[in-house]
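One-letter residues, chain by chain:
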Amino acid sequence: MEEIASLMQGFAVALTPFNLLLMLVGILLGVIIGVLPGLGGANGVAILLPLTFSMPPTSAIIMLSCIYWGALFGGAITSILFNIPGEPWSVATTFDGHPMAQKGKADEALTAAFTSSFVGAIVAVIVITFLAPLVARFALKFGPPEFFAVQFLTFASFIGMGKGSPFKTLAAMCLGFALAAVGLDNVTGQLRMTFDQEMLLNGFKFLVAVIGLFGIGEILSSMESGLNFSGAHAKIRLDAVLQTWKQMPRLWFTFLRSCIIGCWMGITPGGATPASFMSYGLAKQFSKNGKNFGKGEIEGVVAPETAAHAAGTSALLPMLTLGIPGSPTAAVLLGGLLIWGLQPGPMLFVEQPDFVWGLIASMYLGNVVGLILILTCVPLFAAILRIPFSIIAPIILVICAVGAYTVNNSIFDVWMMVVFGVIGYVFVKLSYPLPPLVLALVLGDMAEGSFRQSMLISQGDLSVFFSNWLVGSIMTLGLILLFWPALRWLITLRRSKPQHA
Amino acid sequence: MHGNDSSGDEMSLVTNRTMDIAVALLLLLVSAVVIYDSARLGFDWRENEGPASGYFPFYIALILASSSLVNLLRALFARHGVDSESFVSRPAFMRVLAVLIPAFIFVAVIQLLGLYIASALFIIAFMLTLGRESIIRSVAVGVTIPLALFVLFEIWFLVPLPKGPVENFLGY
């Protein structure tokens with residue numbers, strides 16, 4: 001029960017008035033970010049990152065992670081009231097959430113969504129509390145081949161668990177790797193793909209890419225659909241909250257299943273979005289009321305929201321223990337750690353226990369604060385949505401430009417942000433997935449580094465990746481996931497053949 | 001993510017298929033550039049150095065090229081139906097350009113006049129022309145936001161943002 005003691009210590013770190021204030025500010029900002037189109041968890045945190053440079057790292061990450069929780073909560077509001085998913089992972093919430101709102105049960109839908117978000121997050125934090133120290137201790141034994149194997153598994157799981165075309169996933173991912181390679185090569189000191197252009201010396205900053213791809217891209221697609229909000233007014237009455245909570249215990253199995261899906265998809269970087277869809281799909285299949293799904297079934301709100309939050313939260317586990325983020329937002333937080341001079345990975349638990357446990361404790365607190373705050377402030381947040389888009393859009397664009405500039409104090413980055421915005425807009429429309437691109441951009445140098453070190457150790461022998469059971473099994477799992485779409489295709493091909501004959 | 005109820009009555013500008021082909025060709029071009037530069041750096045095994053600088057990008061570019069080739073062929077030989085759906089209609093494309101072109105101009109103006117003045121001009125212009133808001137409202141928002149950014153960044157958090165001749169004149 002060493003973890004409990006560490007956790008208590010963490011609470012002592014997190015529970016200062018200053019940190020609690022930051023938590024509150026973070027959640028508020030996060031919900032606003034989650035509600036506004038064009039600002040989401042990943043780019044919201046990326047934009048606000050420079051403001052935290054002068055804070056102590058623990059306070060900084062508490063605020064940033066609270067922005068993330070807030071954004072996760074906020075996405076549900078727009079989905080339910082306006083049928084506009086504020087975040088990609090709340091798309092599945094619109095399926096039943098909005099019909100519920102149309103039937104005048106908006107408060108029940110919102111309560112159900114927030115409660116499930118809370119449950120999903122808390123379960124994921126508990127998983128982190130007990131699993132993360134184990135993983136970290138285990139990972140202390142990792143050498144370069146093991147790290148490369150885990151990174152390989154990370155990327156293979158995008159292909160194995162992605163929804164769209166595996167070739168598009170692969171192309172998006174490789175584009176990320178290629179962009180990551182631009183600039184100075186850390187091993188040999190040679191310049192790669194800069195073509196004597198001075199501004200390319202520093203390479204592409206993934207924070208800029210995140211702000212452009214998700215922020216500007218979203219503004220462009222919102223402009224295209226000529227956005228106008230028309231949604232239900234919402235006020236949450238206390239008796240509706242209690243009424244909804246009474247129904248919750250009945251759904252314990254949905255909660256459990258969604259939590260498992262969420263945690264699994266968060267730790268292996270499937271991400272919150274596929275987790276929410278998968279959870280919704282399974283709930284629909286197994287529920288007694290399955291055929292009512294899509295018409296305003298409360299279970300259809302609970303399942304995706306629980307899974308999305310469990311995934312969003314547990315995505316921080318591999319980030320903290322292995323230095324491998326499970327989602328774009330976790331990647332941005334990882335970027336923050338590096339800027340504050342903290343090296344994410346197994347050593348973090350040994351060298352910076354105050355930081356790690358302070359963060360984990362703040363996850364518990366942040367979600368409790370978030371649940372209370374959001375249940376009481378829904379009308380306020382819904383009012384933000386009534387500000388005309390013609391005011392919101394230019395302000396968000398300006399804020400994105402500020403965020404991109406402050407990453408490295410360079411105007412070139414602001415140009416790149418707009419270009420990435422165009423890429424994001426086109427890629428989303430053609431269903432090229434963006435998370436693999438972002439993670440490849442973040443992990444590119446690291447993955448290449450561990451690959452080259454492994455090659456040096458083995459003198460160029462690829463069998464080093466199968467030299468012991470640990471690295472071998474991770475690698476094998478990665479290969480299975482990589483070829484999973486091909487296997488699935490072969491199986492359906494074989495099954496459908498006899499029918500044709 | 002967005003409903004395409006409007007695309008039915010609005011004329012399609014390009015189809016998804018055309019865009020798929022264009023993106024695949026563009027990515028093939030990117031991989032060609034990467035392969036070209038990796039060849040310059042070398043992708044062989046070096047004594048005491050391991051794989052040369054071009055090794056990793058070279059193979060990445062090979063994968064990028066082959067997956068883009070698959071995407072290209074799939075788009076080329078796609079059966080009509082899903083892929084011939086509209087990528088963007090002409091009016092929708094105009095709406096996108098209406099924010100994209102000002103965004104590029106905005107960045108250019110940042111370089112000339114600094115971020116604060118550029119933001120004020122951008123917000124006011126955007127609200128007046130695209131939003132058809134009143135002059136008072138536009139100017140109010142356009143002045144408040146840059147001022148708020150100034151207080152937040154320059155005074156509270158001491159993060160300098162690009163400034164131009166106007167700020168210099170005022171002594172910043």
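Predicted model, so just to flag it, every value in this text is computed and none were measured.

Cut-offs applied
- Residues numbered from 1 in each chain as written.
- Chains lettered and ligands numbered in written order.
- Predicted model: local features only at pLDDT ≥ 70, side-chain atom pairs only at ≥ 80, totals over all residues.
- Heavy atoms only, no water.
- Axes fitted to C-alpha atoms, helices over the stretch in contact; angles between N-to-C directions.
- Helix = DSSP H or I, 4+ residues; strand = E, 2+ residues; numbered from the N terminus.
- Left-handed = near helix turned anticlockwise from the far one by under 90°.
- Contact = heavy atoms within 4.5 Å.
- Nonpolar A, V, L, I, M, F, W, Y, C, P; charged D, E, K, R; others polar.
- Parallel < 35°, antiparallel > 145°, perpendicular 65-115°, else oblique.
- Buried area = accessible area lost by both parts, 1.4 Å probe.
- Domains from an automatic or database assignment.
- Salt bridge = Lys/Arg side-chain N within 4 Å of Asp/Glu carboxyl O.
- Core = buried A, V, L, I, M, F, W, Y, C linked by side-chain atoms within 4.5 Å.
- Buried < 20%, exposed > 50% of the residue type's maximum accessible area, 1.4 Å probe, protein only.

**Topic: the packing of helix α2 (residues 17–35) of chain A against helix α4 (residues 57–82) of chain A**
Residues and elements named next belong to chain A. The geometry of α2 relative to α4 is characterised by a closest axis approach of 6 Å and an angle of 35° between their N-to-C directions. In terms of crossing hand, the pair formed by α2 and α4 is right-handed. For the pair α2 and α4, the contacting residues are Phe18, Asn19, Leu22, Met23, Gly26, Ile27, Leu29, Gly30, Val31, Ile33, Gly34 and Val35 in the first and Ser59, Ile62, Met63, Cys66, Ile67, Trp69, Gly70, Ala71, Gly74, Gly75, Ile77 and Thr78 in the second. In the contact of α2 with α4, the residues fall into 15 nonpolar, 9 polar and no charged.

**Comments concerning the packing of helix α8 (residues 166–181) of chain A against helix α20 (residues 434–458) of chain A**
Axes are the key here: two packed helices are described by the angle between their axes and the distance separating the axes. Residues and elements named next belong to chain A. Packing of α8 against α20 leaves a shortest axis separation of 7 Å and a crossing angle of 45°. The orientation of α8 relative to α20 falls into the category oblique. Here α8 runs over α20; the crossing is right-handed. Here α8 contributes Thr169, Ala172, Met173, Leu175, Gly176, Phe177, Leu179 and Ala180 to the contact with α20, which in turn contributes Pro436, Leu437, Ala440, Leu441, Gly444, Asp445 and Ala447. Residue composition of the contact of α8 with α20, by class: 11 nonpolar, 3 polar and 1 charged.

**Focus on the interface of chain B and chain A**
Facing 68 residues of chain B, the contacting portion of chain A comprises 64 residues. When chain B packs against chain A, close to 5,900 Å² is buried across both sides, 78% of that on carbon and sulfur atoms. Counting residues per element, the ones that place at least two in the side of chain B that touches chain A are α1 (16–41), β3 (50–51), α2 (55–76), β4 (86–89), α3 (90–113), α4 (115–129) and α5 (135–156) of chain B. Here the side of chain B that touches chain A takes 13 residues from α1(B), the largest share from any one element. Classifying every residue of the side of chain B that touches chain A gives 48 nonpolar, 11 polar and 9 charged.

**A look at the domain arrangement of chain B**
When the domains of chain B are assigned, the result is domain 1 (12–89) and domain 2 (114–169). The straight-line distance from the C-alpha centre of domain 1 of chain B to that of domain 2 of chain B is 40 Å.

**Some words on the pattern of salt bridges**
What the rule picks out here adds up to 8 salt bridges over all chains. When the shortest N-O distance is used, the salt bridge between B:Asp20 and A:Lys168 registers 3.0 Å. One end of the pair, B:Asp20, is in helix α1; the other, A:Lys168, is in helix α8, on a second chain. In this structure, A:Lys429 engages A:Glu224 in a salt bridge whose closest nitrogen and oxygen atoms are separated by 2.9 Å. In this pair, A:Lys429 is assigned in helix α19 (residues 411–429) and A:Glu224 in helix α9 (residues 206–224), connecting sequence segments 205 residues apart.

**So, the nonpolar core**
Residues A:Phe114, A:Phe206 and A:Met417 are the most contacted members of the largest nonpolar core, which totals 212 residues. It is helix α17 (residues 353–384) of chain A that contributes the most residues to this core, 18 residues altogether. Residue contributions to this core reach at least three from each of two domains, namely domain 1 (12–89) and domain 2 (114–169) of chain B.

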